[in-house]
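# Observations on the three-dimensional arrangement
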Amino acid sequence: MLKTNWINSKWFSNLIFSLLFLALCWFYNYNVTFLQSPQSVHIWRQTNGLSITQMYYNHNLNFFEPEIQNQMSDGGVSGKTAGEFPIIYFAVAKIWQVFGKSEWSFRLFQLIILFSGLFLLFRMLISLTGYALRAGFISMLIFTSPMFIFYGPNFLPDAPALALTFIAWFFLYQFTLKRKSISLWISAAFFFLAISIKITTATSFIAIGAWAIIETLFYNSEKRLFNLKFKNYLPFIISALLVIAWNYYVNYYDNLHKADFSFRGIWPIWSMAPGQFSRIMDVLNKIYFKEFFFPPLQYATILVWIFMLFKIKKITPFLGFLLIIMPLGFAAILILWFQVLDGHDYYLITQMQVLVMVWAIFFIYLKDKQFWNHPIAYIMLIIVFGFLANDGMIRHKERYEGWMNEGYKMHMEALTEIGPYFEKWSIKPEDKVISIPDNSINASLYYMNRKGYTDFGSDFSQEEIFRKRIYQGATYLVINDTTIISQPLIQKFSSNFIGQYRNVKVFRLKTVSN
């Protein structure tokens, strides 16, 4: 066996893990992208979170009364609407109020959450797999996923929710070692945060909870892993009730203000429109499959899972249960939300926990195998990880330099620079705008830092909608694609030209007669 106990020492392994994480951040060009405006794919979802944060920051809103910049609520006069638990948006807004607004600080805040989750996953896996390098390999697998690399720091809630799940695992594992109730309360708190931010992270919460109940009912106390008494279930019962309470509040708040920026139901596979299934499968095959993880790693994961199913009697009952239930949970998520994959690849991020679980169980099984402790095994892990990280870097780069970013470069980028021109044209921060064409909820409005209206929630192919939005306070028309100005309806409301910056033309709005 290789004598490398110093590698497993806490200070050294922590240092190497942290340095590797920082090195990957540089390798993935975060030092450049952190300073850029939200762009590339899913500007829509990126700017939803940013818009909520912006409104918290601009207006010092109550935590429980979030708003967006699109005035789609209350019949078109406010942006009051809620979705995921807005703790990250609220916290970042408070940071902005102290240090000033910067998108890089939002990204840094999310990156700290991601690092914390991966780091505590790493610390837990050292004990389970018996070696820091193995634990680091599994933990850092997540940070080679092109989806995780891109969306992780970029304002979406999915990757932070996954990281918070890993933190919940860590403290639950601490309870099995030290039997301190405080660990259960901390674990339950992080499970609440994860699930209230993204409901699909509940896969492991349900699986682990089901096992805890099963062993309580059917196993002798000396054979139980968690050996929970009723008082030990209390933190998780409260956690689940708080998730339900938050979703109940969101329904109440959105119904009160007659708007909803975030769909919270299911989009199951059985209710798809004709041709939608084949279209989604085509996108999965051509794009998302490669963006989830390096494809050979996904094939290897399936083979490892099948192999471990044949070895299920060689592992503990708890691990065997997870080996079956977690992939079934992943399958259930796919079935219940299959339609969102028609343009929403980031929904897969929360299910990376299943990949972690499969590889962790496999490494635990190999823990005492002689060949697994040979230096060649460690060298191979390092080489494989290098290939995975390089693939992640290449695909991350393509999101900024390839076709995925063309829409932003052509139409939206100018809006991020138009602020000084608004001042020059005497357009005040409180002036509402109509911003078209923009099918997203908040993208162009966020870039301009203005309240107003986009094509989402307003059908600007109808003259009466134009007139209604003007009556509700819209005073300027901002057009980012000048080819639409030739349309007769647009010409009717674009007679009072104010100015132009790059591809953006601005007009003062006034009601006109037929």
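About the cut-offs
Residues numbered from 1 in each chain as written. Predicted model: local features only at pLDDT ≥ 70, side-chain atom pairs only at ≥ 80, totals over all residues. Heavy atoms only, no water. Pairing = 2+ DSSP bridges. Helix = DSSP H or I, 4+ residues; strand = E, 2+ residues; numbered from the N terminus. Axes fitted to C-alpha atoms, helices over the stretch in contact; angles between N-to-C directions. Parallel < 35°, antiparallel > 145°, perpendicular 65-115°, else oblique. Left-handed = near helix turned anticlockwise from the far one by under 90°. Contact = heavy atoms within 4.5 Å. Nonpolar A, V, L, I, M, F, W, Y, C, P; charged D, E, K, R; others polar. Expected span 1.5 Å × (residues − 1). Buried < 20%, exposed > 50% of the residue type's maximum accessible area, 1.4 Å probe, protein only. Core = buried A, V, L, I, M, F, W, Y, C linked by side-chain atoms within 4.5 Å. Phe/Tyr/Trp six-rings, centres within 6.5 Å; stacked < 30°, edge-to-face > 60°. Salt bridge = Lys/Arg side-chain N within 4 Å of Asp/Glu carboxyl O. Patch = residues over 30% accessible without salt bridge, like charges linked within 9 Å, V, L, I, M, F, W, Y side chains within 5 Å. Areas by Shrake-Rupley, 256 points an atom, 1.4 Å probe, with all protein chains shown as cover.

Across 4 bridges, strand E3 (residues 474-479) lies against strand E5 (residues 504-508) in antiparallel orientation. In the sheet register, Leu 477 faces E5, and the bridge partner there is Phe 507. Pairing analysis gives 4 bridges linking strand E4 (residues 497-501) to E5, with the strands arranged antiparallel. In the strand pairing of E5, Gln 500 is matched with Lys 505. What sits between E4 and E5 in their antiparallel hairpin is a turn of 2 residues, with Arg 502 showing a positive phi close to 50°.

Let us look at the packing of helix H7 (residues 132-141) against helix H17 (residues 375-401). Packing of H7 against H17 brings their axes to within 10 Å, and their N-to-C directions diverge by 15°. One finds that H7 runs roughly parallel with respect to H17. The crossing of H7 and H17 is left-handed. Two secondary-structure elements touch here, H7 through Leu 133, Arg 134, Phe 137, Met 140 and Leu 141 and H17 through Tyr 378, Leu 381, Ile 382, Val 384, Phe 385 and Leu 388. Tallied by class, the residues present in the contact of H7 with H17 amount to 10 nonpolar, no polar and 1 charged.

The next subject is helix H6 (residues 103-129). If you check H6, its first and last C-alpha atoms are 38 Å apart, about what 27 residues at 1.5 Å a residue would give, namely 39 Å. Following H6 by one or two positions, Gly 130 has its phi on the positive side, about 85°.

Here we come to the pairing of E3. With respect to burial, E3 is a largely interior element, 5 of its 6 residues being buried. Judged from the 5 bridges that link them, strand E1 (residues 432-436) and E3 form a sheet pairing that is parallel. Along E3, the bridge assignment pairs Ser 435 with Val 478.

This part takes up the nonpolar core. Judged by nonpolar contacts, the single largest core of 157 residues is most densely connected at Phe 143 and Phe 148. By residue number, the principal contributor to this core is helix H9 (residues 158-178), which donates 14 residues. Aside from chain neighbours lying at most four places away, what touches Phe 143 is Phe 21, Leu 24, Cys 25, Tyr 28, Tyr 30, Leu 118, Phe 148 and Ile 149. By size, the runner-up hydrophobic cluster in this structure holds 17 residues, among which are Ile 436, Ile 465, Ile 479 and Phe 507.

A few words on the packing of aromatic side chains. Applying the stated rule across the entire model yields 65 aromatic pairs. The interplanar angle of 70° and the centroid separation of 5.3 Å between the aromatic rings of Phe 63 and Phe 85 together place this pair among those described as edge-to-face. Placement of the pair is Phe 63 in the loop between helix H4 (43-59) and helix H5 (87-99) and Phe 85 in the loop between H4 and H5, with a sequence separation of 22 residues. Overall, Phe 63 belongs to the buried group, its relative accessible area being 13%. Between the aromatic rings of Phe 150 and Tyr 400, the centroid separation amounts to 5.7 Å while the plane-to-plane angle is 65°, which identifies the pairing as edge-to-face.

Topologically, Lys 492 is positioned in helix H22 (residues 488-492). Residues Lys 492 and Ala 443, spaced 49 residues apart in sequence, show a C-alpha to C-alpha distance of 25 Å.

Here the focus is the environment of Leu 348. Along the chain, Leu 348 turns up in the loop between helix H15 (317-336) and helix H16 (352-366). The exposure class assigned to Leu 348 is buried, which follows from its relative accessible area of 9%. On a C-alpha basis, the gap between Leu 348 and Leu 334 in space is 8.5 Å, while along the polypeptide they are 14 residues apart. Apart from residues lying up to four places away in sequence, Leu 348 is in contact with Met 147, Phe 292, Phe 330, Leu 334 and Leu 341.

With that settled, the discussion passes to the pattern of salt bridges. Taken as a whole and assessed by the stated rule, the structure comprises 13 salt bridges. A salt bridge links Glu 84 to Arg 45; its shortest N-O distance comes to 2.8 Å. Of the two residues, Glu 84 is situated in the loop between H4 and H5 and Arg 45 in helix H4; the sequence distance between them amounts to 39 residues. There is no split in this pair, since Glu 84 and Arg 45 are both buried. One salt bridge connects Glu 65 with Lys 80, and the closest N-O pair in it is separated by 4.0 Å. Of this pair, Glu 65 sits in the loop between H4 and H5 while Lys 80 sits in the loop between H4 and H5, and the two are 15 residues apart along the sequence. Given a relative accessible area of 38%, Glu 65 falls into the partly exposed group. Through salt bridges with shared partners, a single network forms among Glu 291, Asp 345, Asp 391, Arg 395 and Arg 399.

On the basis of which strands lie adjacent, the open sheet formed by 5 strands has the order E2-E1-E3-E5-E4 and mixed pairing. Unpaired on one side and paired on the other, strand E2 (452-453) and E4 mark the two borders of the sheet.

Geometrically, the link from Ile 436 to Pro 437 is a cis peptide bond, its omega value of -10° lying close to zero. Here Pro 437 shows up in the loop between E1 and helix H20 (443-448). Backbone geometry places Lys 258, a non-glycine residue, at a positive phi of 55°. As for its placement among the helices and strands, Lys 258 is situated in the loop between helix H12 (230-257) and helix H13 (276-292). Here Lys 258 falls in the exposed class, since its relative accessible area comes to 65%.

Positionally, Ser 145 belongs in the loop between H7 and helix H8 (146-151). Excluding residues that lie within four positions of it along the chain, Ser 145 makes contacts with Glu 291, Phe 292, Phe 293 and Met 352.

Okay, a nonpolar patch on the surface next. A grouping of Ile 182, Trp 185, Phe 230, Leu 234, Ile 237, Ile 238, Leu 241, Leu 242 and Ile 244 is seen on the molecular surface, where their side chains present a nonpolar patch of about 870 Å² in accessible area. Tracing the sequence through the fold places Leu 241 in helix H12.

The angle between the axes and the distance between the axes are what describe a pair of packed helices. Two elements in contact, H6 and H9, have axes whose closest approach is 8 Å; the angle formed by their N-to-C orientations is 35°. Both H6 and H9 take part in a crossing whose hand is left-handed. On the side of H6, the interface is formed by Gln 110, Ile 113, Leu 114, Ser 116, Gly 117, Leu 118, Leu 120, Leu 121, Arg 123, Met 124, Ser 127 and Leu 128, while H9 contributes Ala 159, Pro 160, Ala 163, Leu 164, Phe 166, Ile 167, Trp 169, Phe 170, Phe 171 and Tyr 173. Here the residues of the contact of H6 with H9 sort into 17 nonpolar, 4 polar and 1 charged.

Right, let's get into the side chain of Arg 395. Inspection of the secondary structure assignment puts Arg 395 in helix H17. Classification of Arg 395 by relative accessible area gives buried; the value is 18%. Among all residues touching Arg 395, those that are not within four sequence positions of it are Pro 146, Lys 290 and Glu 291.

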